[in-house]
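Close look at the chain arrangement
One letter stands for each residue in the lines below.
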Amino acid sequence: MRYNFLVKVKIAPRIYDPQAVTIEKSLKKLSYPVIEVRMGKIFEIGIDALSEEKARLLAQEIAAKVLSNPVFEVYELEPVK
Amino acid sequence: MRAAVIVFPGTNCDSETYEALQRSGFQAAYVWHDWASLEDYDLIVLPGGFSYGDYLRPGAIARFSPVMKAVEKYVSDERGIVLGICNGFQILLEDGLLPGAMMRNECGHFICKPVALKVENTQIFAHIKRRVILYIAHSDGRYIADRKTIKKLEEHHCLLLRYEENPNGATDGIAALANENFTVIGMMPHPERSTASYHLNLDGLEIFQAIRRWIHARRS
């Protein structure tokens, strides 16, 4: 059975990200009332597993071990129906 | 003394590193990333470049290559020294053989220029000059680690090179470091680009020769 997940990886809040800051500054220049911009990556992964619980554990492992680096990134896992 | 230059898809400093090692008194050989044995070598060099196109994060995919399993075994067996230059350093960090991580330069763009580096008085570089000029060429050279890790690195004298003027926002200006028993070395500058008479200087040669002497000293 195929189970789909969305993995969102972001730079951890306290860490300076020059790309996000540049975008934030240019949005402010365009007079948008922007307070903060943070940037990241989104992965859509389909997993073959016997149950949703097993698929979720695998997705979590992939997100933590491969898709994100815990030194400077945080991730969120979201099941997609 | 034999040295292996590991070649990943996307590595582009392999031939320069090979030549630099030959000039520094090593017998160099190329080793492809799917090779799984490194026991014959006294030094393993992970050269610079863009392994796997720097996809995901620099070094993040290369760390899963078969040769990295062999590098991990080589380190745990204390067979010899592993040196990662630029992208090679990033691979060692992603693999967890060295602590911390590399992030995008603070200025946000690629930097390619010679920089002055302070050579810390460590076991490896005790007998070379205290200031060297080497080239850097990277987009992701901002070394980061938490305070606890940096403190530990300092206490064990694992910090090898620091930028005189921090070009990329690296924590404490760190440009090169080693693990606690000095068997794994990571450096962001490219010593191989300063090893020949037609290069502007020969400071890189000093770095490679110091590593060769360090390998020799560990044996005796």
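We now turn to the structure provided with this report. Predicted model, so just to flag it, every value in this text is computed and none were measured. (Residues numbered from 1 in each chain as written. Chains lettered and ligands numbered in written order. Predicted model: local features only at pLDDT ≥ 70, side-chain atom pairs only at ≥ 80, totals over all residues.)

Okay, the sheet that holds strand S2 (residues 27-32) of chain B next. Residues and elements named next belong to chain B. Read across the sheet, 9 strands follow the order S2-S1-S3-S4-S11-S10-S9-S6-S7 without closing on themselves; strand pairing throughout is mixed. Unpaired on one side and paired on the other, S2 and strand S7 (131-138) mark the two borders of the sheet. Here the strands of the sheet are splayed against their neighbours by 25 degrees on average, with no regard to which way each runs. Relative to S7, strand S6 (residues 111-119) is paired through 8 bridges, and the arrangement is antiparallel. Note on S7: the bridge partner recorded for Cys112 is Ala137. (Pairing = 2+ DSSP bridges. Helix = DSSP H or I, 4+ residues; strand = E, 2+ residues; numbered from the N terminus. Axes fitted to C-alpha atoms, helices over the stretch in contact; angles between N-to-C directions.)

This part takes up the nonpolar core. One finds Val5(B), Ile6(B), Ile44(B) and Val45(B) to be the most contacted residues of the largest nonpolar core, which totals 78 residues. In terms of residue count, the dominant contributor to this core is helix H5 (residues 203-219) of chain B (6 residues). Once residues within four sequence positions are removed from consideration, Val45(B) is found in contact with Ala3(B), Ala4(B), Val5(B), Ile6(B), Thr17(B), Leu21(B), Leu83(B), Ile85(B) and Gly88(B). Within the second largest apolar cluster, 7 residues are counted, among which are Tyr3(A), Phe5(A), Ala55(A) and Ala59(A). (Core = buried A, V, L, I, M, F, W, Y, C linked by C-beta atoms within 7 Å. Buried ≥ 20, exposed ≤ 12 C-beta atoms within 10 Å, placed from the backbone. Contact = placed C-beta atoms within 7 Å.)

We now examine the interface of chain A and chain B. Facing 7 residues of chain A, the contacting portion of chain B comprises 11 residues. Class assignment for the residues of the side of chain A that touches chain B results in 4 nonpolar, 3 polar and no charged. (Nonpolar A, V, L, I, M, F, W, Y, C, P; charged D, E, K, R; others polar.)

Looking now at helix H2 (residues 52-67) of chain A. Every α-helix winds through 3.6 residues per turn, so residues three or four apart in the chain are directed the same way. Residue and element names in this part refer to chain A. Within H2, burial applies to Ala55, Ala59, Ala63 and Leu67. The arc that holds every buried residue of H2, seen down its axis, measures 75 degrees, which confines them to one face. Away from its buried face by more than 90 degrees, H2 exposes Glu53, Glu61 and Lys65. (Arc of directions from axis to C-beta.)

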